[in-house]
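Structural characterization, general
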Amino acid sequence: MKQIILARYGEIHLKGGNRDHFIRALLNNLRKRLKGIATASVQGTRIEINKYTDERSVVDIVSATFGVVSLSIVAVVELTPESIFDYLKTQKINGRFKVNVNRANKNFPIKTMDFAPICGGIILDNNPNAIVDVNNPETTISIDIREQTYIYDNVISGVGGLPVGVSGRALVLLSGGIDSPVASYLAAKRGLGVDFIHFATPPYTSDLSIEKIKTLATKLETFTDKSRLFVVPFTEISKAIKKNCDPSYTITIMRRFMIRIAEHVGRKTGASCIITGENLAQVASQTIEGIASNNFCVTCLPILRPLITFDKSEIITMAKKIGTYETSIQPHEDCCTVFVPERPVIKPNIKKAIDEESKLDIEKLIIAAVDGVI
């Protein structure tokens, strides 16, 4: 008898002819994340994790891998009734329990309806304080009969979703606030590899704001693959907008420049789309009109907004869950908060925004910013 970790996938089962592609992607992601501490291999419709010494670390990594819906620490027992019975005799059960049997291997000689009560009887014979309760058990012993027999009494939730990378790569506008890290997480959950772009305005923003962004990117790698961070010098653009344009349109025009620059960088770095943390009506720049004004700036990369209909409380809850909240609320300002006007326009007019931008040398400002990316 040996002990392993058994990982299960969910939505991948629905992928029909493409299922093998998704399974290979999940397996490869697990192998990369577990390199040097465990091995992973496909066994039927499950993934086995073997050869580990630090069980807690492996469980943490596997449960945070997109594509895994649940996992269990299981005993692998020979495919005979006698071997299963011998293992059950060693189990210590107190209180209410039930036995679940999944006879996926139809060659197993005893049918499910007969085998489950036999197993329950063996547990009762060896545990005087055990009580069968199929409706409200404290312990559920699961016996999964496949190519081998897997026996376990635990199911640990995974993050679900699709394996990172199967949907392409995204370039995320990472501001340092609460929203964009959560948008990154949700994008990765749908199979997107994520890279980050941040707009810095030194000396108006400090080096600490960049360190904050780097910390957020590192925290998100708990769930994603290795990510790249592109820091764009945005001071000259911000100053030009403030000097030449209608103050009420400052944020609108800044956001439009950011989207244009993100598309330039994304096309150079292999991005399939742009991700923002925009949330409908949360702030003045995120009205329908404000969001629409950004859409007119891109030519080939779609803009996706995973948080568009979320309540702020939902976003905060998720930020706490994924471990980014405490970093996001650190008081290091980003370029938008530094240059926000007293009365920003709430429903920007596209023609007015274009007229204001015409006062600037847009191409020259964009090229200088892209050339200065670090």
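Please refer to the structure higher up on the page.
Everything numeric here is computed off the predicted structure, so don't read it as measured data. (Residues numbered from 1 in each chain as written. Predicted model: local features only at pLDDT ≥ 70, side-chain atom pairs only at ≥ 80, totals over all residues. Heavy atoms only, no water.)

Here we look at the packing of aromatic side chains
- Going through the model one piece at a time under the given rule, you end up with six aromatic pairs.
- Look at F66 and F223: their rings are 6.2 Å apart centre to centre, the planes differ by 35°, and that puts the pair in the tilted class. With a gap of 157 residues between them, F66 in the loop between α2 (55–63) and β4 (68–77) and F223 in the loop between α6 (207–220) and β12 (229–233) connect regions that are remote in the sequence.
- With a relative accessible area of 1%, F66 lands in the buried category.
- A relative accessible area of 10% means that F223 is categorised as buried.
- Aromatic rings pair up to connect F66, Y185 and F223 into one cluster.
- Positioned over the ring face of Y325 is K320, at 5.0 Å from the centre of the ring. (Phe/Tyr/Trp six-rings, centres within 6.5 Å; stacked < 30°, edge-to-face > 60°. Helix = DSSP H or I, 4+ residues; strand = E, 2+ residues; numbered from the N terminus. Buried < 20%, exposed > 50% of the residue type's maximum accessible area, 1.4 Å probe, protein only. Lys NZ or Arg CZ within 6 Å of the ring centre and 35° of its normal.)

Considerations on the pairing of strand β10 (residues 169–173)
- For β10, a buried count of four out of five residues is recorded, marking the element as mostly surrounded by other parts of the structure.
- Assessed by its sense of winding, the connection that carries the chain from β10 through helix α5 (residues 179–189) to strand β11 (residues 193–200) is right-handed.
- As paired strands, β10 and strand β13 (residues 273–275) are joined by three bridges and run parallel to one another. Following the sheet pairing, A170 is matched in β13 by C273. (Right-handed = clockwise from strand over helix to strand, strands pointing away. Pairing = 2+ DSSP bridges.)

Topic: the sheet that holds β11
- The five strands lie next to each other as β12-β11-β10-β13-β14, forming an open sheet whose pairing is parallel. Of all the strands in the sheet, just β12 and β14 (303–304) have a single pairing partner and so form its edges.
- Across the sheet, helix α8 (residues 250–269) touches β10, β11, β12, β13 and β14, and the angle it forms with β10 is around 150°. (Contact = heavy atoms within 4.5 Å. Axes fitted to C-alpha atoms, helices over the stretch in contact; angles between N-to-C directions.)

A word on α2
- Listing the buried residues of α2 in full gives V58, V59, V62 and S63. Projected down its long axis, α2 shows its buried positions confined to an angular sector of 120°, all on one face.
- As for α2, its buried residues are in contact with β1 (2–9), α1 (19–33), β3 (46–50), β4 and β9 (156–157). (Arc of directions from axis to C-beta.)

Observations concerning the pattern of salt bridges
- Evaluation of the coordinates by the stated rule reveals 23 salt bridges.
- For the salt bridge of D144 with R46, the shortest nitrogen-to-oxygen distance reads 3.9 Å. Linking D144 in strand β7 (residues 139–145) with R46 in strand β3, this pair joins segments that are 98 residues apart in sequence.
- A salt bridge links R169 to D225; the shortest N-O distance between them is 3.0 Å. Pair noted here: R169 is in strand β10 and D225 is in the loop between α6 and β12, with a separation of 56 residues, a long-range link. (Salt bridge = Lys/Arg side-chain N within 4 Å of Asp/Glu carboxyl O.)

Quick notes on the nonpolar core
- Ranked by internal contacts, the top residues of the largest apolar core, which has 34 residues, are I197, F257 and I261.
- Among the elements that make up this core, the one with the highest residue count is α8 (nine residues).
- Ignoring any residue separated from it by four or fewer positions in sequence, one finds I261 in contact with I197, F199, V232, F234, I237, I366, A369 and V370.
- Counting 29 residues, the second largest nonpolar core, distinct from the first, contains V159, A187, A188 and A217. (Core = buried A, V, L, I, M, F, W, Y, C linked by side-chain atoms within 4.5 Å.)

Digging into unusual backbone geometry
- Residue P202 is joined to P203 through a cis peptide bond whose omega torsion reads 5°.
- In this model, K51 sits at a positive phi of 55°, which is unusual for a non-glycine residue.
- Structurally, the position occupied by K51 is in the loop between β3 and α2.
- Residue classification places K51 among the exposed positions, given a relative accessible area of 72%.

Some points on the packing of α5 against helix α10 (residues 312–322)
- With their axes 9 Å apart at the nearest point, α5 and α10 run at an angle of 70° to one another. Put simply, α5 runs roughly perpendicular to α10. Contacts between α5 and α10 pair D179, P181, V182, Y185 and L186 from the former with K312, I315, M318, A319 and I322 from the latter.
- In terms of residue class, the contact of α5 with α10 is built from eight nonpolar, no polar and two charged. (Parallel < 35°, antiparallel > 145°, perpendicular 65-115°, else oblique. Nonpolar A, V, L, I, M, F, W, Y, C, P; charged D, E, K, R; others polar.)

What about the side chain of E48?
- Counting through the fold element by element, E48 comes out in strand β3.
- Here E48 sits buried without a salt bridge, and the closest side chain of opposite charge, K2, lies 4.5 Å off (N-O distance).
- Looking at E48, its side chain comes within polar contact range of the side chain of N50, at 3.4 Å.
- Engagement of the side chain of E48 in a polar contact is seen with the side chain of Y150, the distance being 2.5 Å.
- Leave out the neighbours within four places in its chain, and E48 touches I4, I5, L6, T39, A40, S41, Q43, Q148 and Y150. (Lys, Arg positive; Asp, Glu negative; His and termini not counted. Polar contact = N/O pair within 3.5 Å; in protein donor to acceptor, adjacent residues only side chain to side chain.)

A few points about α10
- Where α10 is concerned, the buried positions are I315, A319 and I322. Down the axis of α10, the buried set is contained in an arc of 75°. They therefore lie on one face. In this structure, α10 carries T317, K320 and K321 as exposed residues pointing more than 90 degrees from its buried face.
- The inward-facing, buried residues of α10 contact α5, α6 and α11 (325–328).
- Just beyond α10, the residue with positive phi is G323, at close to 85°.

Quick notes on the pairing of β12
- By the bridge criterion, five bridges tie β11 to β12 in an arrangement that is parallel. Residue pairing in the sheet places F196 in a bridge with L229 of β12.
- Once you follow β11 into α6 and on to β12, the crossover reads as right-handed.

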